[in-house]
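# Descriptive structure summary
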Amino acid sequence: MQGVGRAPRMFLVGYYGFGNAGDELILRAALADLRAAAPGLEVTVLSHDPASTETDHGVTAVPRHRPDRVLAAVREADRVLVGGGGLLQDATGAGTVPYYAGLAWTGRVLGRGSAGYALGVGPLRRRASRWWIRMGFAGAPLSVRDEGSAEWIVSCGIAREQITVTADPVWGLEMGDQEVAPTHDNVRSGIPVPRRIGIALRPWPGWEDAAERIAEGCRRAFDAELVAIPFHPALDRSIAERVARAHPRGQVADWASLDDLVRAVAGCDLIVTMRYHAGVLAARLGIPFMALSPDGAEGKVGQVARVVGEPVRGLDE
């Protein structure tokens, strides 16, 4: 429980410190939301790279690979907040859901309380994943970022009354002077034509050949520059370089900060994306985008496109 005479403390748990721009944007937005709602709140963040998280976001961070430090952070907090982002899914491995739901459970059994924040949920292909979510979040308030996530949570045995459908935090992130719709001064047959296309792809089975087809399709459709934007450089850099090489006017947009990334997206007239938060940023900046989704309209990037009325294409289209 909160001690007398000290500020309230929150332990924010997520996929932070891995260099994934989407998750770092979520963290920036989440901290802004929390500080606005509770001035003086002390936030500790779970991170793969605590030093960079502390430098970039101005918080205390603990290393996720140190169970002793993580448990201490739970004990020192008044609440464990799990989120946001797509944490409750087992597509990336059997251990993901137990890890995050287990931290929620730990907060609850230690009397610190737990909650879910703007979570993306699913797919859940393992029975054990549903059990962990049911145990970890029993009685806890949960906010999810879309109706599909709410349906997944209900399928785990969580009462619908516990769940609030909200939106991904990045939808509310202040964009500053970048929040201006781009101008299209290149016009063909009365229709604005993009002069710079941003491509945000991630690896998937068979991506090597498909990446070159995507670059070639952009070249044929538009007389435009192509900027490959690796949202998670550790995973996306190779595909970004391949796309750039396959286009006569291609380049890779390297970024050192989230502000650099936002500027790279803002400098485009069209975004083609497999990355969820590239679609969100494009929509926030008033830039048309096309979602490329291996899972069709039901995949998470497809859901972003459907919300704002942008097209969704499969990878073989």
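Residues numbered from 1 in each chain as written. Predicted model: local features only at pLDDT ≥ 70, side-chain atom pairs only at ≥ 80, totals over all residues. Heavy atoms only, no water.

## Section: the sheet that holds strand β15 (residues 312–313)
If you walk across this open sheet you meet the six strands as β12-β11-β10-β13-β14-β15, and the pairing is parallel. Of all strands in the sheet, those bounded by a partner on one side alone are β12 (250–252) and β15. Of the strand pairs in this sheet, strand β13 (residues 270–273) and strand β14 (residues 289–292) are connected by three bridges, and their pairing is parallel. Considered in β14, the bridge of Val272 is made with Met290. Together, β10 (196–200), β11 (225–228) and β14 form the strand contacts of helix α7 (residues 207–221), whose direction differs from that of β10 by roughly 165 degrees. (Pairing = 2+ DSSP bridges. Helix = DSSP H or I, 4+ residues; strand = E, 2+ residues; numbered from the N terminus. Contact = heavy atoms within 4.5 Å. Axes fitted to C-alpha atoms, helices over the stretch in contact; angles between N-to-C directions.)

## A look at the packing of helix α1 (residues 21–37) against helix α9 (residues 258–266)
Contact pair α1 / α9: the axes reach a minimum separation of 11 Å and the direction vectors enclose 110 degrees. Overall, the two elements α1 and α9 adopt an arrangement that is roughly perpendicular. Handedness of the crossing formed by α1 with α9: left-handed. Contacts from Ala21, Glu24, Leu25 and Arg28 of α1 reach α9 at Leu258, Asp259 and Leu261. Broken down by class, the residue content of the contact of α1 with α9 amounts to four nonpolar, no polar and three charged. (Parallel < 35°, antiparallel > 145°, perpendicular 65-115°, else oblique. Left-handed = near helix turned anticlockwise from the far one by under 90°. Nonpolar A, V, L, I, M, F, W, Y, C, P; charged D, E, K, R; others polar.)

## Side note on unusual backbone geometry
The amide bond that connects Gly83 to the next residue, Gly84, takes the cis arrangement and shows omega of -10 degrees. Following the sequence through the fold, Gly84 ends up in strand β4 (residues 79–88). Of the consecutive residues Gly122 and Pro123, the connecting peptide bond is found in the cis state with omega at 0 degrees. Relative to the elements of secondary structure, Pro123 occurs in the loop between β5 (114–121) and α5 (127–136). The backbone of Ala118 shows a phi angle near 45 degrees, a positive value even though the residue is not glycine. Mapped onto the elements of the fold, Ala118 is located in strand β5. What makes Ala118 buried here is its relative accessible area of 2%. (Buried < 20%, exposed > 50% of the residue type's maximum accessible area, 1.4 Å probe, protein only.)

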